[in-house]
Every structure is written in structure tokens, then in C-alpha cells.
Amino acid sequence: MTELQEARDVRTEGLTVATRHPVPKGEPILELRALQKKYGAVEALKPASLTFLSGEIHAIVGENGAGKSTLIKLLTGVIRRTSGEIFWCGKPVQLGTPHEAIERGINAVHQEVVLCAHLSVAANMFLGDEINRNGLMRKRAMTDAAQRVLDDLGFNLPAGAVLGSLTIGQQQLVATARAAMRGTQFLIFDEPTAYLTRQESAQLFRLIRRLQAEGVTIVYISHRMEEVFELADRVSVLRDGTHVGTRKIGETNEAELIALMINRTIEQIYHKEHFPAGDIIVETRNLSGPGFQDVSLTVRAGEIVGLYGLIGAGRSEFALGLYGRHRPSAGEVYWQGRKVDIASERMAMDLGIALAPESRRDQGLCLNLPIGLNINLPVFNRLTRGLTINGQQERENADRQIRDLKIKTPSRRVLVSAMSGGNQQKIVIGKWLSHGAKLFIFDEPTVGVDVGTKAEIYRLFARLLENGAGIILISSYLPEVYELADRLHVFRGGRLVASHDYRAASHEEVLTQAIGV
Amino acid sequence: MSVETVESGAGAAPRKGVSILFGLTLLGLLLFLWLLLGFATNSFWTPNNISNLLRQGAMTAILAVGQTFVIITAGIDLSVGAVVGFTSVIVAWLLAAGVPLWAAIILTLAFGVVIGAFHAFGIVRMGLPPFIITLATLTSLRGIGLLITNGSTISITDEAFTNFSRADFLGVPSLFWMVIVVAVPAYIFLHLSRFGRYLFAVGSNSEAARLSGVNVHRTIYLAYILSSTCAAFVGLLLASRIGIGNATQAEGWELQAIASSVIGGTSLFGAVGSVHGPLLGAFILATINNGANLLNVNSFWQRIITGALIIVIVYFDQLRRRSAR
């Protein structure tokens, strides 16, 4: 019986596949010896030696560009190594193609779900590996088998549902179930929770622990320290393409890991300066719109107003509403004491509101256009003299933002898609700095951003406040709003349910209010 | 695969330099074809043939420039050929009804504006895909044109109008001058004005453009109105050249325009394109047709060669883009 047949047989039974290659728990299952990857002269991964033990959850942390993606690509056969050796279950292997990696039982679940949104959950789980009889697909059998796996995992999901109708979190679970079903022994998670709500993350963690209990080795890559400490047995740190150390989770702490990652202490990250609160910039009174009801809050010059809540709690909808996306269905907005009716994004901008939206990819940036064009997009009317754009001012404006924000690029002409997450976020911010505003709304400004860039962004907030601006900071990451906001509002189900002064409530209190138990 | 990001993008070549290089490659191809045909035939480099070539290419070139505006916004305008036929009928009809020439020209161009505005209305307000709304006008406009002419043609007796297309200025056909008349403002619009930047931004990510204060609806109106107005302008030129208004003229020109634009480096996914590219693309296509005629190549072969050329050029363009990443 070939391995594939075996996997196919057991796959319908559930998740007992990881026992196929009995590497005893705690013994090395995958060993990297002096693994190196060069792109031309650039060393993306300096010779790294790492050992993954069978059945462990091994976290990998590092800033963007530290070499994490390179490592995943090497392990999943997407790229070939320049030098070094890989041992799988004690035997040297090539891992030259994705096919070979999958055959050996190495799989990855990516941050963005890479499945077909228009097909059913079952069809996605069996994609490329459908159950056939005489060349015809057995749809019924696949749906039943998929349903059994989903039920077994405790997901409350119908296997017949169209994948695109599920939330991103649910899709992520489907992607994991799909990998688990295929006889995976070594599963890599690449920042899986970036777009998940708390409940969805919790469900994913349960699944990860379950897979571990069944003998699957897990590699977990994340920017979120609290997840690493919640899940992992061991953690490896990468910095600038170098493997700088591996620790047992019980023998390290967040401060040490961050110091390893960036050579900087944790106090230096959440950079908080207090400024005397100035005049009220904006006040909403019982504002309602699509996705939010009855929100009353004020933002003063020199203060950060934090909006915390789960994804879908109405924070981003409120921000878009304030930014003129839709006319409010009820309530009023007062801008510097004057009642205003913000009918379009342009009007909001002209008043002095800037919005750095939730999703860089979908809302924030024109990815296949140059950095310069993106930075200048809100200000082209200002750069125009007569019929044409003043080319010199256009170049200077873009270059100034690139320089001030330390965007790592050889030129303003490079396409945004070639930049890392942190640099992309800086471009979004640069757009609004070049436009200038009195009220800055930052919606999830640090998702998928490395620690070093985070610190830079927080320092930038202080600079904006110092110049008399006010900030609305929206985040699903509690420590961020907790440490930075002068006033913290909690959203749940489209309503503002609680408000706290700086550090006046405990983490638990805020969390409970956001979840609403 | 997920969207790949590489740190600092050290390998990405500056975009502008690449675009100029691509333009030079196309120009090189065009000159190479001209040299080749000069050696292969006796009649290619005759003033008569060159004038003819410039006239042939001119109309496709103008259509391709208009089409490019639309394609940059990640749309498509399938109706341009039909608009050419339709507006040739309109101008002939107006002239036959005794409308003065200047008024007939302005009214015909106004028809172009209205047709483009209708396309944008269908896309923006009715939520129809550009492919569908322009496909619908493609067939309807031909129908309306045929109704007006009752299936026949309207001859144009205005000599001043029909002589224009045969006239030369400084030894260059007036039709080719019209390309310059369109291309220079088009270049300023697309590459030097903010509206051009907005076309690219809308084609790349309309939501990001909207959140940056770009009036996305107005930008789409602008693109489709410009495309249809270019087509109406070509309708005038065609009516002048053949001396009749006929709704079935310019069959398939929309595909020629799209092909010219794509050969000129425009991406059908939007946000990539120029003015000089489609112009070169149009004259490359015209040269191939002209050369094939001179070499007595079966006209069926011309279609096959055009198709193969599209594949080859766009394939190399894709390779170039990928390696620039």
C-alpha cells in the first residue's frame, strides 16, 4: 500500500495519520544543518542550524525581513537552499519541490487563506485530491467525509457551505483541517491569527493543541508574544537572517525575546508621552450608521482616544462613518464646535480628518503602483499648477516622507507590492502626513508589522500629538490601546459599551466588556 | 500563494526606466519592420505607400489611446468600433440635413460624450461590468445606425469635409496630424496631470483611491467619455475618408484598438499603461497589414500573424514584469 493510499484511507477516519512515521516524541524529526539561502549577493538566511523535535510546538519569532518567510519557503519546498543539509526523520532529504514536502507530510497554513472562495468547504478540503470512482467525483462521499472531520474537530461548520460565505477565521480553520486531513506530520502556521477574532483564535489554538496531542509537530510563526507564550514549547528567534537563539518557553520571558529580536527593551516600544489636552477637535453625539449605533465620544487635541473591541464590533464602521463613507442615519458630528455634515471622503479630508484604514491591501494602498504615487495620492490637487503636476514638488514630497519615515526603499519608483508589511504601513502613514490633518484615525496600524516598526509608529503618534493633532487609535491588540490611549472606549455589537481613563481598568475588565460575558 | 513581500525591494528596477526601455524596444521593432519591408519590397518606401500606412494606422492609433484610458482603470470598452460606425452615420446624416459642417462635427463629438457617459452610468450606478455594458452598446449602436440609414449608406457631398482626409500638411497626411492632435493632450492628461494619476490609482485599487479623496465615479466617467469621444472623432475621420456614413463600418476595430493597446504594454488588469505604447502598437499592426499586402500574403495570414504577435509581445512583457519584481 502506498503512502498516498494509506493517507487517503485514514483521512476519512479522522486524524490518526501522524503515527505513520514513528519518530518518538521528543526526538528530532526535522534537522537543519547550516542551512543557507542567498539571492544573488543578498543573504536572506545566514547558515542556520535548527532542530525541531517530534510532537513539539516550536514558535519562530523575528521582525519582518528577519528570514522567517525564507525559512518557511525552504521547508515547504517553494525555494531551494543555497547550501546546508536537511534531515527528515534522520535521513538527508532534498525538499526541492512543494510536492516533495507534501508527500513527506510537511504542510503550511498561511496568513491569507489560499483556497477557492467559490467552492464548498468539502470541495476545498479535497481540492487536488478528490475521491473518484471511474473518473467521476463522489461529491456525496467527500461532503460526508469532510463533515466527519469537521465534527470530529469540534468546528460548527457545514461541509456543504460555500467557503467564501464563511468568516476569514472559519476559512483559516478549514485550511488547517485540510492540512490535517492530508497526513500532515509537520505543520507550519504563518501568522495565522492576523485576521482572526479572539474566539476564532481560541478555536484555532484548541485545534493546534489537538494536533500536537496526536503527534503532529507544529511550527508557529507570529508577531504576537502572548500567543507564543500561550502555545509554544520552545521558541527560536531570528534577526537579520541569523538564528540568534532557541529557548525553552519556561526559561525565557517576553523581555528577553524582544531584546533578542531587536536589541531593544520593551519599555522602549510602548512609547507614551502625555500632553496637556487641548480643545475639542471632534465630538459625535449619538451617531449611528451602518454597523454602529448611538456612539458619543470626543477627541481633544493632544490626546489618543483608543477604540478597543473584537473585529466586527463596529469600530472600523464608526471610523468610516466619521470619514464620510455614508451619511449617518442619526446623531450629529461637531467639528471644532461647529455642526458639520460630512458627505464624502473628500469633505472629511478637507475638514482635516485622515484615515489610515484597517486593511493595507484592500483599502490602504495601490499595491501595483510606485511608492511615490501612493504617498502623493491625497495631495495631487495641491501639487497641480495649472493643467499639470509640478514634477519637482511631487518628487520632493515623496522623498521627504520616505526619508522622514525611514521607509526602506532604493527609490520612490519601486512598486508598493515589493515592500514588507512594516514599510507598507509607513507608506499609508506617509500619505496622511503629507496631506496633514487635525484628526488622525489609525485603524489597526500595527497588524503584520514588526516590533521595530511598531516602536517607530508609536513614537510618530507622540510627534503628531505634540503638533496639536488628536488621534483615534483602533486596535484588536489590547496592550497597544491600553498602553497608549489617554481614554479607552470599548465597543461591542456596534455600540460603545464602556469608557476608561488611561490605565484605569484592568486588562481583564476591558476584555470582559469587549466580549460581553 | 499569498502576496509575496521582499524586504526593501532591492531587486525592483525603477519603473520609469523600464517603461522607457519597453517603448524603445517597440520603436526598434517598428523600425526593424520598416527596414525589412524596405529590403523585401520595392514599393514600401514610396511616398504613396508611406502616406497610406500613416492613414491606415492613424485611426486605430486614436482609438487605442482612448481605449488605454479605460483599460488603465481596469475596464474595457468593446463599443469603440460600433461608435465609429454609428458616428459616421450621424455626421453624414447631419450634413445631409443641411447642418453646417462645424456644427455637425461638434454634435457628432457630443454623441461620443453622451455614449461614454452612458457607459460610465451603467458601470457606476447600475453596477454592470464594463464588458457587459459596452458589449450591449456595441450591438445596439449598430442597430440604431442601421435604423437611421434603413440599412443603406448616406453619402457625403460636402467636399471640404471629404477632401480633408486626402489632404497633406507639410508632406504628412492630415490624418496622421490628427494622431498628434490627440496624442499630445492625451500625454499631458495621462502622464502629467493629476487626473492621469487618478486613473492609475482607480485601476489599481479603487477603494484605496476613494479613501484618499479621489472621486472614483468622476474618474470612471472621464475614462469612458474620453474613449467614446476618441471613437467619435475617428468616426468623423472615417466618414471623411470614405465619403459615406455607414453603420456597419469599422467592424472589429475595437479588437484592433485593444490589441494595439496591449502590444503597447497596457495591462488588462489595470494600472499599467502609457500613451506612446498604444501609438506604437497601432503602427506596428498597420505595418504588418501593409507589408502583408505588399508581399501578397493572403489576408487570412495577416490575422494569424497579428494573433501570434500579440502572444509573443505580451509574453515578453510579462517576463520583464516578473523579473522586475
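Computed from a prediction, not measured in an experiment: that's the story for all the values here.

Engineer: Run through the overall build of chain B, naming residues and quoting values.
Structural biologist: Of the regular secondary structure elements, chain B holds 13 helices and 4 strands. Taken against the 2.2 N^0.38 rule, which gives 20 Å for 325 residues, the C-alpha radius of gyration of chain B at 20 Å falls within 12% of a compact globule. Structurally, chain B occupies a C-alpha span of about 65 × 55 × 35 Å along its principal axes. For chain B, the proportion of its 325 residues judged to be buried stands at 49%. For chain B, the share of sequence-separated contacts (at least 6 apart) that also reach a separation of at least 24 residues comes to 79%.

Engineer: For the overall build of chain A, give the residues involved together with the corresponding values.
Structural biologist: Across its full length, chain A carries 19 helices and 24 strands. Its C-alpha radius of gyration of 25 Å places chain A within 12% of the 24 Å reference for a compact globule of 517 residues. Along the three orthogonal principal directions, the C-alpha set of chain A runs to about 75 × 50 × 50 Å. Within chain A, the proportion of its 517 residues that are buried is 49%. Considering only residue pairs separated by 6 or more positions, chain A has 69% of its internal contacts joining residues 24 or more positions apart.

Engineer: Outline the packing of helix α3 (residues 80–96) of chain B against helix α4 (residues 101–124) of chain B, supporting the account with residue identities and numerical values.
Structural biologist: All names here are of chain B. Orientation of α3 relative to α4, taken along the N-to-C sense of each, is 150°, at an axis distance of 9 Å. On the basis of their axis angle, the class for α3 and α4 is roughly antiparallel. Here α3 and α4 pass one another in a crossing that is right-handed. For the pair α3 and α4, the contacting residues are Val-83, Thr-87, Ile-90, Val-91, Leu-94 and Leu-95 in the first and Leu-101, Ala-104, Leu-107, Thr-108, Phe-111, Gly-112 and Ile-115 in the second. In terms of residue class, the contact of α3 with α4 is built from 10 nonpolar, 3 polar and no charged.

Engineer: Go over the sheet that holds strand β9 (residues 186–190) of chain A with me, naming the residues and quoting the values.
Structural biologist: Residues and elements named next belong to chain A. Strand order across the open sheet formed by 6 strands is β6-β9-β10-β3-β11-β12, with mixed pairing between neighbours. A single partner strand is all that each edge strand has here, and the edge strands are β6 (106–109) and β12 (242–248). For this sheet the average axis-to-axis angle between neighbouring strands, irrespective of direction, equals 20°. Examined bridge by bridge, β6 and β9 share 4 bridges and lie parallel to one another. What sits directly across from Ala-108, in β9, is Ile-188. Across the sheet, helix α2 (residues 68–75) lies against β3 (57–61), β6, β9, β10 (217–221) and β11 (234–239), angled at about 150° from β9, the strand it touches most.

Engineer: Break down the environment of A:Asp240 for me, citing the residues and quoting the values.
Structural biologist: Following the sequence through the fold, A:Asp240 ends up in the loop between β11 and β12. Sequence separation of A:Asp240 and A:Thr388 is 148 residues, and the distance between their C-alpha atoms is 43 Å.

Engineer: Run through the pairing of β3(A), naming residues and quoting values.
Structural biologist: Residues and elements named next belong to chain A. Within β3, 5 of the 5 residues are buried, which leaves it mostly tucked inside the rest of the structure. Residue alternation in β3 divides its side chains into two sets, Ile-57, Ala-59 and Val-61 and His-58 and Ile-60, and both sets are buried. Pairing of β3 with β10 involves 4 bridges; the strand directions are parallel. Counterpart to Ala-59 in the pairing with β10 is Tyr-220. Both β3 and β11 contribute to a ladder of 4 bridges, which runs parallel. Counterpart to Val-61 in the pairing with β11 is Val-237.

Engineer: Any chance you could break down helix α10 (residues 315–322) of chain A for me, citing the residues and the numbers?
Structural biologist: Residues spaced three or four apart along an α-helix face the same direction, because each turn holds 3.6 residues. Residue and element names in this part refer to chain A. With 7 of 8 residues buried, α10 is to be regarded as a mostly interior element. Taken together, the buried positions of α10 are Arg-315, Ser-316, Phe-318, Ala-319, Leu-320, Gly-321 and Leu-322. After α10 finishes, the residue Gly-324 shows a positive phi value of roughly 90°.

Engineer: If you had to explain the sheet that holds strand β13 (residues 280–289) of chain A to someone new, which residues and values would you point to?
Structural biologist: All names here are of chain A. Pairing within the open sheet is antiparallel, and its 4 strands lie in the order β14-β13-β16-β17. With one partner strand each, in any of the chains shown, β14 (292–300) and β17 (338–340) form the two edges of the open sheet. Here the strands of the sheet are splayed against their neighbours by 20° on average, with no regard to which way each runs. Where strand β16 (residues 330–335) and β17 come together, 3 bridges link them in antiparallel fashion. Paired with Tyr-334 across the bridge in β17 is Lys-339.

Engineer: Talk me through the confidence of the model for chain A; I want residue IDs and the actual numbers.
Structural biologist: Confidence in the prediction for chain A averages 85 pLDDT; 93% of positions are at 70 or higher. Counting interchain partners and residues more than four positions distant, the pLDDT-below-50 stretch residues 1–19 of chain A has 25 contacts.

Engineer: Any details on the nonpolar core? Residues and values, ideally.
Structural biologist: Across soluble globular proteins, nonpolar side chains show a tendency to be buried alongside one another. Residues A:Ile353, A:Ile441, A:Ile471 and B:Ile62 are the most contacted members of the largest nonpolar core, which totals 236 residues. Here the element with the most residues in this core is helix α10 (residues 216–242) of chain B; it accounts for 15 residues. The contacts of A:Ile441, once residues within four sequence positions are left out, are A:Ala319, A:Tyr323, A:Ile353, A:Ala354, A:Leu355, A:Ala356 and A:Ile472.

Engineer: Which residues make up the environment of B:Phe69, and what values go with them?
Structural biologist: All names here are of chain B. Within the fold, Phe-69 resides in helix α2 (residues 47–72). Expressed as a C-alpha distance, the spacing of Phe-69 and Gly-264, which sit 195 residues apart in the sequence, is 13 Å. Setting aside anything within four residues of it in sequence, one finds Phe-69 in contact with Leu-199, Ala-223, Leu-226 and Ser-227.

Engineer: Any details on unusual backbone geometry? Residues and values, ideally.
Structural biologist: Backbone phi values are negative for most residues with the exception of glycine, while trans is the configuration of most peptide bonds. The phi angle at A:Ala34 is positive, at roughly 50°, despite the residue not being glycine. With respect to the helices, strands and loops of the structure, A:Ala34 is situated in strand β1 (residues 28–39). Among the residues examined, A:Ala34 registers 12 C-beta atoms within 10 Å and is labelled exposed. Located in the positive-phi region is B:Ala74, a residue other than glycine, with phi close to 65°. Mapped onto the elements of the fold, B:Ala74 is located in the loop between α2 and α3. Of the residues examined, B:Ala74 has 19 C-beta atoms within 10 Å and is grouped as partly exposed.

Engineer: Can you break down the pairing of β9(A) residue by residue, with the values?
Structural biologist: Residues and elements named next belong to chain A. Counting buried positions along β9 yields 5 of 5 residues, so the element is predominantly enclosed. Of the two faces of β9, the one holding Phe-186, Ile-188 and Asp-190 and the one holding Leu-187 and Phe-189 are both buried throughout. Sheet topology note: the β9/β10 ladder contains 5 bridges and is parallel. Residue Leu-187 lies in a different strand from β10, and its bridge partner there is Ile-218. Between β9 and its parallel partner β10, the chain crosses via helix α7 (residues 198–213), and the hand of that crossover is right-handed.

Engineer: How would you sum up the environment of B:Pro47? Please name residues and give values.
Structural biologist: All names here are of chain B. Mapping Pro-47 onto the fold places it in helix α2. According to the C-beta neighbour criterion, Pro-47 is exposed, with 9 such atoms within 10 Å. When the C-alpha atoms of Pro-47 and Gly-171 are compared, they prove to be 9.3 Å apart, with 124 residues separating the residues in sequence.

Engineer: Describe in detail α2(A), supporting the description with residues and values.
Structural biologist: Residue and element names in this part refer to chain A. The element α2 is largely enclosed, with a buried count of 7 among its 8 residues. Buried within α2 we find Lys-68, Ser-69, Thr-70, Leu-71, Lys-73, Leu-74 and Leu-75. At the C-terminal side of α2, Gly-77 shows a positive phi close to 75°.

Engineer: Talk me through the packing of α4(B) against helix α5 (residues 130–149) of chain B; I want residue IDs and the actual numbers.
Structural biologist: All names here are of chain B. Packing of α4 against α5 brings their axes to within 9 Å, and their N-to-C directions diverge by 140°. One element, α4, and the other, α5, form an angle in the oblique class. Between α4 and α5 lies a crossing of right-handed hand. Two secondary-structure elements touch here, α4 through Ile-115, His-119, Gly-122 and Ile-123 and α5 through Pro-130, Ile-133, Thr-134 and Thr-137. Across the contact of α4 with α5, the residue classes break down as 4 nonpolar, 4 polar and no charged.

Engineer: Got a sec to walk through the confidence of the model for chain B? Specific residues and values, please.
Structural biologist: Residues and elements named next belong to chain B. Chain-level pLDDT for chain B is 87 on average; 92% of the residues reach the 70-or-more range. Averaged pLDDT values over the elements of chain B bottom out at 78 in helix α13 (residues 299–324) and peak at 96 in α4. The model gives residues 1–16 a pLDDT under 50, and that stretch makes 35 contacts with residues more than four places away or in other chains. The ipTM assigned to the predicted complex is 0.83, against a pTM of 0.77.

What counts as what
Residue numbers here run from 1 along each chain, matching the order of that chain's written sequence. For naming, the first written chain is A and the first written ligand is 1, with later ones following in the order written. Thresholds applied to this predicted model are a pLDDT of at least 70 for local features of residues and 80 or more for the giving and counting of side-chain atom pairs; totals over whole chains, interfaces and linings are not thresholded and use all residues. Helix numbers and strand numbers start at the N terminus; a helix is a DSSP run of H or I with at least 4 residues, a strand a run of E with at least 2. Here the globule rule reads 2.2 Å times residues to the power 0.38, and the radius of gyration is calculated from C-alpha atoms. The exposure scheme places C-beta atoms from the backbone and then counts, for each residue, the other C-beta atoms within 10 Å of its own, assigning buried at 20 or more, exposed at 12 or fewer, and partly exposed in between. We call two residues in contact if the C-beta atoms placed from their backbones are at most 7 Å apart. Only C-alpha atoms enter the line fits that serve as axes; for helices the fit covers just the stretch in contact. Angles between N-to-C directions range over 0 to 180 degrees. Every angle not falling under 35 degrees, over 145, or within 65 to 115 is termed oblique; those three ranges are roughly parallel, roughly antiparallel and roughly perpendicular. The hand of a helix crossing depends on one turn: near helix anticlockwise from the far one by less than a right angle means left-handed, and clockwise means right-handed. Gly falls in the polar group here, along with every residue not listed as nonpolar (Ala, Val, Leu, Ile, Met, Phe, Trp, Tyr, Cys, Pro) or charged (Asp, Glu, Lys, Arg). Only strands that DSSP links by at least two bridges are regarded as paired with each other. Confidence of the prediction at every residue is given by pLDDT, a number between 0 and 100. Buried Ala, Val, Leu, Ile, Met, Phe, Trp, Tyr and Cys residues whose C-beta atoms connect them within 7 Å together make up a nonpolar core. The crossover handedness rule: strands pointing away from the viewer, path from first strand over the helix to second strand clockwise, crossover right-handed.

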